[in-house]
Amino acid sequence: MFSKLKSGTSSVSQGAQVLSTNNILNLFEVGKFVCSAGPELIWKVYEGFRKPDGKEVSIFVFEKKLADKLHKPRRKETVTEILKKSVHYLEMLRQPKLILKVVHSVEDCNDTLAFAAEPVIASLANILAYQASVGGRTVNGPPSTGASIITTTAMPRPAHAREYNFLDFEIKYGIRQIAEALDFLSPQVHHHNVCPSSILVTKTGTWKLSGLEFIVQTEARERITCTPWTSRLPKMAQPDLDYIAPEVQLSSYCSSHSDMYSLGMVIFAIFNNGRPLIQANHSSSTYMKQLDVLENQIHNVLPKLPAQLQEMATKMLSKDVDARPFVKNLLHTPYFCDRFVETIQTLDIINMKDLVQKCQFYKITLKESLPFIPKKIWYQRVWPFLQHEMLKPDVSAAVLHPVIFLIQESSLEDYETLMLPAMSKIFNGPKHVPVQVILLENLHVILEKTPRDDIRKEVLPLLYTAFDFSDIEVQSAAVLAVTNVSQYMDDTAIRRMVLPKLKMVYETNPNDLKIVLNILACLEIILHRLEKQQIIEDVLPLIWIVNQTDPEVIARIAVIYSMILRDKKYGLSVNMIATKIMPTLIPHTMNPGLNLEQFQTLIEVLQDMLEQIDRNQRNKLKLDTISMQSPDRHRPLRHLYSSDNMHAQNFNIPNLKIETRKTSSAEDMVRKNSAGSWWFGGSPSGSDSNFLRVVSSFPNRRLSDNMLNTPKIRVAPSCASSPGSTPVGTGLPIRRHSNVERRGSTINLSPPSGGSMPNTSSSVPYLLSSSMNSIRSRRQSTCSQNSSTGILQQLGSGVVKQLSTLQNPYQLFSGNK
């Protein structure tokens, strides 16, 4: 740490040169200049570190050459003795909460006087001088030291203190600290020099009282004789005239009320941009003149004070000593009754409380107060205290509660710079079960601010080793931590380390509801990062053996199944859904413990499963049916299955009677023409000539009338008892109508109508059985019955007339006999 301070800066070398002959260099490393304090700001304050343990301190140095201008050696010795006495009183009147803490006593040499104290960042005089120089406006430059006799560079701002413009919280807290310090001193001594140069602001933001150079012992009397300020003594050997009480300067006595007056002047200077109400400029006559108009000054500046403090501050500056309030009256004003200020002050006395009170304060009081405390106080006052308390085993778990809040609310820069070094000690050090549980439960907060390299090296190993703890709370917290920080883990770690450890934790604690719920929640988070084989072999079997009686467990399992259903990559088959998953879920639909939301989640998952089964099976069955009916299936042998090429075996149809076929008129004419001459004339040599003559003579004759008639088949009535009977309602196999139409035939397949004889011109047998009633539904013939029989009637009447002219009609056919 101190290597940064020894990087060749002129301030470091200057501090070492100033203390080159002082023995304090044997114990401390001296750093850069920080601030100034004491009477006339004659103490120079440097950064320092104790060599044995590296503890941070502030080195106060008085250079004796500053008193050389006093010319008189006796006066020079007087200043040195006064400063040495002040350090002696600081050590004697030890009160770490209120009085500046001395780490190492005075080391005196010919050139310097030095001692080590707790780290400070500035004196109140430095800060008020800075505010006065800019008229109360906020500037970006560093504040001056406020020292008129020290020629030095401007004081730099500490990194954790963003600016020196006090917040109202800081002022309230600081004034209360000084008031309590005066209350602590009052039974023994009077301070007699309460002023900004005797008030130091520590690195933790606490205001500490110092400057005990001029204290006066009380000696059990209210009023103590004291020496007023005089120009005959050196200024650095007397109290600050601007803050001296009137009775000291006018009547040469002081009391505890004199310190209250001085504190009142400090309060007004704070709210007046650093300017005191009296600016005597080291002149007692000027002091007296301004004292006369003090009331007017108070009236002008009073509106700048908080309303709750105005009345009490005015009384503190009363010229009447008895009208001034006591310290306890001041502390009980509403302005100081702030529970958040009291919370910060409790940190100073926390070691005086027992263990139960400490834990209660850290876990509840401090954590609940932090949101109302400025962040500046977090890093100046709260965090420096907590980082030391974290290392104490008895309270470390309780301290982590406010620490986690600070980490969550801090910026990345503040966390990495101020908090991460201390947290690394916690990550790598030994941890008790409560500490381990708190760290794991809040691991997501820590990882959000931690750099990637530190996450991999320090934080994640903490998580992996937690699964091996035998304590149930640690294991449950580890599972919860994986759920919260899985995004910081790579897929390999989740698959090879986390998933096996989840199974191990469940097998160890199968009946612990909290662990089961945490495991299911963790599986829900990491599911998309697992491989298909792991889900089938590890995740699903784990879910199947989980005790599914609790409604929350059922709801979480339903959510996991829903996630698996939505993505095919998880490998959840329909067979597995139907045989293993749904049978375990359906009974829980009647679980009386399910609320409406949980029931709806379960029902939706079951419906999704049913829909997936339905969709899968329906598509499968459709594909099977289509494949059987597809023409492509037997396309190479299609001609073999054509009805035109089918040869049915001979079979006898019971109850059928086939009558002798009647010849048609066309057949008769062919036969006659082949035997002899046709009455219409023509050559007997052509077999088709007579037929063509008939067509030409009878243009309306149908083609079917010229074709051979098929035999008529009659179906006798059947009964169920007769042997060989056919069942009623079954028809004979017939040729499809479509085949006939496909050949472009004009054959009339219509049954006969009315009482006329059946149309024998049909090429299809007419079945008289009642089982063939379906034939009646076929389409009607395109030609009517009258048109179909008209030609035959004409032909028949002509034949009859010819026959009637013959004496012996049989002579016509004699040639055929």
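Residues numbered from 1 in each chain as written. Predicted model: local features only at pLDDT ≥ 70, side-chain atom pairs only at ≥ 80, totals over all residues. Heavy atoms only, no water.

Asker: Got a sec to walk through the packing of aromatic side chains? Specific residues and values, please.
Answerer: This structure, assessed with the given rule, holds 11 aromatic pairs. Ring geometry for Tyr 335 against Phe 336: centres 5.0 Å apart, planes inclined by 80°, an arrangement best described as edge-to-face. On the accessibility criterion, Tyr 335 (2% relative accessible area) is buried. Feature note: the residues Trp 43, Phe 60, Phe 62 and Phe 115 constitute an aromatic cluster, connected by ring pairs. (Phe/Tyr/Trp six-rings, centres within 6.5 Å; stacked < 30°, edge-to-face > 60°. Buried < 20%, exposed > 50% of the residue type's maximum accessible area, 1.4 Å probe, protein only.)

Asker: Break down the environment of Ser 231 for me, citing the residues and quoting the values.
Answerer: Among the structural elements, Ser 231 can be located in the loop between strand 11 (224-225) and helix 5 (246-251). Assessed through its relative accessible area of 63%, Ser 231 is described here as exposed. On a C-alpha basis, the gap between Ser 231 and His 282 in space is 7.6 Å, while along the polypeptide they are 51 residues apart. (Helix = DSSP H or I, 4+ residues; strand = E, 2+ residues; numbered from the N terminus.)

Asker: Please give an account of the environment of Phe 62 that cites residues and values.
Answerer: Its place among the elements puts Phe 62 in strand 3 (residues 56-63). Once the C-alpha coordinates of Phe 62 and Thr 112 are considered, the two residues, 50 residues apart in sequence, prove to be 5.6 Å apart. The residues touching Phe 62, leaving out its near neighbours within four places in the chain, are Ile 42, Trp 43, Ala 67, Val 79, Thr 80, Leu 83, Asp 111, Thr 112 and Leu 113. (Contact = heavy atoms within 4.5 Å.)

Asker: Describe in detail the pattern of salt bridges, supporting the description with residues and values.
Answerer: The full count for this structure, using the stated rule, is 23 salt bridges. We note a salt bridge from Glu 180 to Arg 176, for which the minimum N-O separation is 3.3 Å. Note that Glu 180 and Arg 176 are positioned in helix 4 (residues 168-185) at a spacing of 4 residues, about one turn of the helix. According to the relative accessible area criterion, Glu 180 is buried, its value standing at 15%. In this structure Arg 176 comes out as buried when scored by relative accessible area, which is 11%. Here Lys 503 makes a salt bridge to Asp 538, at a shortest N to O gap of 3.1 Å. In this pair, Lys 503 is assigned in helix 20 (residues 491-508) and Asp 538 in helix 22 (residues 532-544), connecting sequence segments 35 residues apart. (Salt bridge = Lys/Arg side-chain N within 4 Å of Asp/Glu carboxyl O.)

Asker: Residue-level account of the side chain of Asn 518, with values.
Answerer: Note on placement: Asn 518 falls in helix 21 (residues 513-526). When neighbours within four sequence positions are excluded, Asn 518 is seen to be in contact with Ser 476, Val 479, Leu 480 and Thr 483.

Asker: For the sheet that holds strand 3, give the residues involved together with the corresponding values.
Answerer: Taking strand neighbours across the sheet as the criterion, the 5 strands line up as 1-2-3-5-4 in an open arrangement whose pairing is antiparallel. Each having just a single partner strand, strand 1 (28-37) and strand 4 (102-108) make up the two edges of the open sheet. For this sheet, the mean angle separating the axes of adjacent strands, direction not counted, is 25°. (Pairing = 2+ DSSP bridges. Axes fitted to C-alpha atoms, helices over the stretch in contact; angles between N-to-C directions.)

Asker: Which residues make up helix 23 (residues 551-566), and what values do they have?
Answerer: Because an α-helix completes one turn every 3.6 residues, residues spaced three or four positions apart along the sequence face the same direction. Here helix 23 spans 23 Å end to end across 16 residues, near enough to the 22 Å set by a 1.5 Å rise per residue. Helix 23 sits mainly inside the fold: 12 of its 16 residues count as buried. (Expected span 1.5 Å × (residues − 1).)

Asker: An account of the packing of helix 12 (residues 355-369) against helix 14 (residues 396-409) is requested, with residue identities and associated values reported.
Answerer: Between helix 12 and helix 14, whose axes approach to 7 Å, the crossing angle comes to 10°. Considering the angle they form, helix 12 stands roughly parallel to helix 14. Contact residues: helix 12 offers Cys 359, Tyr 362, Lys 363, Leu 366 and Lys 367, while helix 14 offers Ala 398, Val 399, His 401 and Pro 402. Split into classes, the residues belonging to the contact of helix 12 with helix 14 amount to 6 nonpolar, 1 polar and 2 charged. (Parallel < 35°, antiparallel > 145°, perpendicular 65-115°, else oblique. Nonpolar A, V, L, I, M, F, W, Y, C, P; charged D, E, K, R; others polar.)

Asker: Can you tell me about the environment of His 192, naming the residues and giving the values?
Answerer: By secondary structure assignment, the location of His 192 is in the loop between strand 7 (189-190) and strand 8 (199-202). For His 192, a relative accessible area of 12% corresponds to the buried category. For the pair His 192 and Ala 245, spaced 53 residues apart in the sequence, the C-alpha separation amounts to 8.9 Å. Residue contacts for His 192: discarding those within four places in its chain leaves Phe 214, Val 216, Cys 226, Thr 227, Pro 239, Val 248, Cys 254 and Asp 259.

Asker: Tell me about helix 6 (residues 256-271), residues and numbers included.
Answerer: In this model helix 6 runs 23 Å from its N-terminal to its C-terminal C-alpha over 16 residues, within 8% of the 22 Å that 1.5 Å per residue would give. Among the 16 residues of helix 6, 15 are classified as buried, and the element is accordingly described as predominantly covered. One or two residues past the end of helix 6 sits Asn 273, with phi positive at roughly 60°.

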